[in-house]
Amino acid sequence: MSSYPATGTFDDAATTNAYLSNLYYSTLNGWPVNSGNNADESGGINGEGWITTENTAMKFWPYDAIRKINILLKELPNSPIPADKKDPIIGQAKFLRAFLYFKMVYYHGGVPIIEVPQEVTDDLLVKRNSTAECFDFILKELDEAAALLPPKYDGADRGRIDQASTYAFKGRVLLYKASPQFNSANPYDNAYWSDAYNANKAAKDFLDQHGYGLLDDYTQVFETEGHRENILSVIFEEPAKTNGRQEHAVRPLSESKNATGGDQPIWAFAEAFPMKDGKKPGDPTSEYTYSIQRFWENRDPRFDAIMVWNGATYELSGIAGRRQYTMNVIAKSMDVFGFSIQGETAYRTGLFTRKGIQEALPSAQAELNDVDWPEIRYAEVLFNYAEAANETGRSDESLEVLKAIRRRAGITEGADGLFGLKANMSRAEMRQAILDEKRIEFAFEGQRFWDLRRHRMLHLLDGMHKYGIMATAVNGRTPQNLTADDIAKGNAFELLPEDFTYEVVELITNGPKEMVMPESYYFFPIQLTHINQNSNLEQNVGWGGNFNPEL
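Conventions adopted
- Residues numbered from 1 in each chain as written.
- Predicted model: local features only at pLDDT ≥ 70, side-chain atom pairs only at ≥ 80, totals over all residues.
- Heavy atoms only, no water.
- Helix = DSSP H or I, 4+ residues; strand = E, 2+ residues; numbered from the N terminus.
- Rg over C-alpha atoms; globule rule 2.2 N^0.38 Å.
- Buried < 20%, exposed > 50% of the residue type's maximum accessible area, 1.4 Å probe, protein only.
- Contact = heavy atoms within 4.5 Å.
- Lys, Arg positive; Asp, Glu negative; His and termini not counted.
- Charge placed at Lys NZ, Arg CZ, Asp CG, Glu CD.
- Salt bridge = Lys/Arg side-chain N within 4 Å of Asp/Glu carboxyl O.
- Axes fitted to C-alpha atoms, helices over the stretch in contact; angles between N-to-C directions.
- Parallel < 35°, antiparallel > 145°, perpendicular 65-115°, else oblique.
- Left-handed = near helix turned anticlockwise from the far one by under 90°.
- Nonpolar A, V, L, I, M, F, W, Y, C, P; charged D, E, K, R; others polar.
- Phe/Tyr/Trp six-rings, centres within 6.5 Å; stacked < 30°, edge-to-face > 60°.
- Expected span 1.5 Å × (residues − 1).
- Polar contact = N/O pair within 3.5 Å; in protein donor to acceptor, adjacent residues only side chain to side chain.

Caption draft 1: Layout of the overall build of the protein. What the protein contains, in helices and strands, is 16 helices and 8 strands. For the protein, the C-alpha radius of gyration of 25 Å lies close to 24 Å, the compact-globule estimate for 551 residues. Summarising its shape, the C-alpha atoms of the protein cover approximately 75 × 50 × 50 Å along the three principal directions. Each of the 551 residues in the protein was classed as buried or not, and the buried ones make up 57%. Contacts in the protein between residues far apart in sequence, at least 24 positions, make up 74% of those at least 6 positions apart. Treating the 56 positive side-chain charges of the protein as one cloud and the 77 negative ones as another, the clouds have centres 1 Å apart.

Caption draft 2: Highlighting the pattern of salt bridges. Applying the stated rule across the entire model yields 42 salt bridges. One salt bridge connects E380 with R172, and the closest N-O pair in it is separated by 2.8 Å. Separated by 208 residues along the polypeptide, E380 in helix 11 (residues 378-391) and R172 in helix 5 (residues 163-178) bring together distant segments of the chain. The same class applies to E380 as to R172, namely buried. The shortest N-O distance in the salt bridge between R228 and D216 comes to 3.5 Å. Note that R228 is positioned in the loop between helix 7 (220-223) and strand 1 (230-234) and D216 in the loop between helix 6 (192-209) and helix 7, a separation of 12 residues in sequence. For R228, a relative accessible area of 34% translates into the label partly exposed. Given a relative accessible area of 69%, D216 falls into the exposed group.

Caption draft 3: Representation of unusual backbone geometry within the structure. Going from E238 to P239, the amide bond is cis rather than trans, its omega being 10°. Here F493, not a glycine, exhibits a phi torsion of approximately 60°, which is positive. Structurally, F493 is set in the loop between helix 15 (484-491) and strand 8 (500-506).

Caption draft 4: Spatial organisation of the packing of helix 1 (residues 13-27) against helix 2 (residues 63-75). Contact pair helix 1 / helix 2: the axes reach a minimum separation of 10 Å and the direction vectors enclose 155°. Of the possible angle classes, the one that applies to helix 1 and helix 2 is roughly antiparallel. In terms of crossing hand, the pair formed by helix 1 and helix 2 is left-handed. Of the residues in helix 2, those touching helix 1 at Y19, N22, L23 and S26 are A65, K68, I69, I71 and L72. The class makeup of the residues in the contact of helix 1 with helix 2 is 6 nonpolar, 2 polar and 1 charged.

Caption draft 5: Up close: the packing of aromatic side chains. Applying the stated rule across the entire model yields 42 aromatic pairs. On the numbers, 5.2 Å between centres and 80° between planes, the contact of Y101 with F137 is edge-to-face. With Y101 in helix 3 (residues 83-108) and F137 in helix 4 (residues 131-148), this residue pair connects regions lying 36 residues apart in the sequence. According to the relative accessible area criterion, F137 is buried, its value standing at 6%. With centroids separated by 5.0 Å and ring planes inclined at 65°, the aromatic side chains of F102 and Y106 adopt a geometry described as edge-to-face.

Caption draft 6: Quick peek at the environment of D300. Structurally, D300 is set in the loop between helix 9 (267-272) and helix 10 (301-306). Remark: the alpha-carbon pair of D300 and K279, spanning 21 residues in sequence, is separated by 9.2 Å. Residues in contact with D300, not counting those within four places in the same chain, are F273, P274, M275, K276, A409, I411 and I440.

Caption draft 7: Representation of helix 1 within the structure. Across its 15 residues, helix 1 extends 21 Å between first and last C-alpha, which sits within 8% of the 21 Å expected from 1.5 Å per residue. Close packing links the buried residues of helix 1 with helix 2 and helix 3. Taking the backbone nitrogen of A14 as reference, a side-chain oxygen 3.0 Å away marks D12 as the first, capping residue of helix 1.

Caption draft 8: Inspection of the packing of helix 6 against helix 11 at higher detail. In the contact formed by helix 6 and helix 11, the axes pass within 8 Å of each other and the chain directions differ by 145°. Here helix 6 runs over helix 11; the crossing is left-handed. Only Y378, V381, L382, N384, Y385, E387, A388, A389 and E391 of helix 11 make contact with helix 6, whose side of the interface consists of W193, A196, Y197, N200, K201, A203, K204, L207 and D208. In terms of residue class, the contact of helix 6 with helix 11 is built from 11 nonpolar, 2 polar and 5 charged.

What follows is the structure, encoded as structure tokens:
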């Protein structure tokens, strides 16, 4: 149990804000690198026994951080700091507490609600509140927070929680509450969808009125700061706070340091991108033909903005004209996806991502990346609104969202004005179209696994094998038969993607080959150490207990 701060901490605005900054730091993190490994986005494979009651995988129990928030919320109301200064601090703290409780709830279901700093003399053997009680508490916290906060922070206060953040986050909470994860008996016709629609529509309207919206250029969302699309940003600024993106781990090792392998896209994800006209690859009605041998051509422009493939221009470390190669002998050995290179449980996929990467940084300074993490951006509010609209009989509103997202992406409108989307979609078809679009739009932003889990679609991952795209030859010659001229052209970055031959190959690893995603993963267990310390904590159904984590 963490100790109380020093006497007088909350009597001064400067020390109070320093305390608040620490709460931000312990609650809001950076980019969720490798979250896509849990889904059909990047290369990791979660095999049998990924999650148990004993291990730490997918456990979230941040009561130390909650205690610190509770201390502030107990002490600050009695502070001599003027109300116009301390009320926004209280509002921000309430949001942070709601944020932590929400994450616990979508991990585990209902958890103990503790609103005051416990003392060792208190009865610490608290019981779990119901999931419904937890959602009520979270929503009450957010409403109270919004009443104490200004509509919008910007300038030197950018990154602080405001009404815009609070309304947007409330929409996220209510979307989860309505989703099948918490309502398996009535997944799409429960009354919570109306609450989700109203909250997300209200959030969108508020954001529109206060200058938020989609940027014109998708790439600029991640390469510029302080813009209208980011609603709540975790600020990174060199030298004080860097590497929220973990760029050193995401870059290919030849231009990085100390780590690699983060956020490596898999072939299934590459194939998920539509063509430039919005049609699926191979769709006979598309104006573009599709071939694995030219898989990068005529794709949704977000493919170029997100993906790096063999032969693609990727000017890391400021190397003008640099191309990224992955073929054995042509590429630097540590970047190769090839049969004779892989070792032990390491793997490559033949693909990398450029999202959030500051390409000009020298390899030795890759850890100085200081791009912000967009915890909540306007596009997410649009998707949340579209989902709830579709489930409440307003699919026309959902369609307008998808068209806006695709228009910004650079997909061509087409003669029918549908940007490649199917006309007259059913409710189920629109639901799938929203998920498919969000998979692309939010690549490597930590949304995909949670969306599939929220919709009870983990069966799509269960039993999945993951594949990469291997460059097996250049100008018809395999690695064993390359000429000195081939190697020289590679060293000079003169070999183009179309000079190579490609093959879809299962990831080469001595680790698990098949994803295992049982039904029990819709709610994760409370770690056994917490159960052992508190005899009143019930374990979840499916993990040896009787607690029902649904609504």
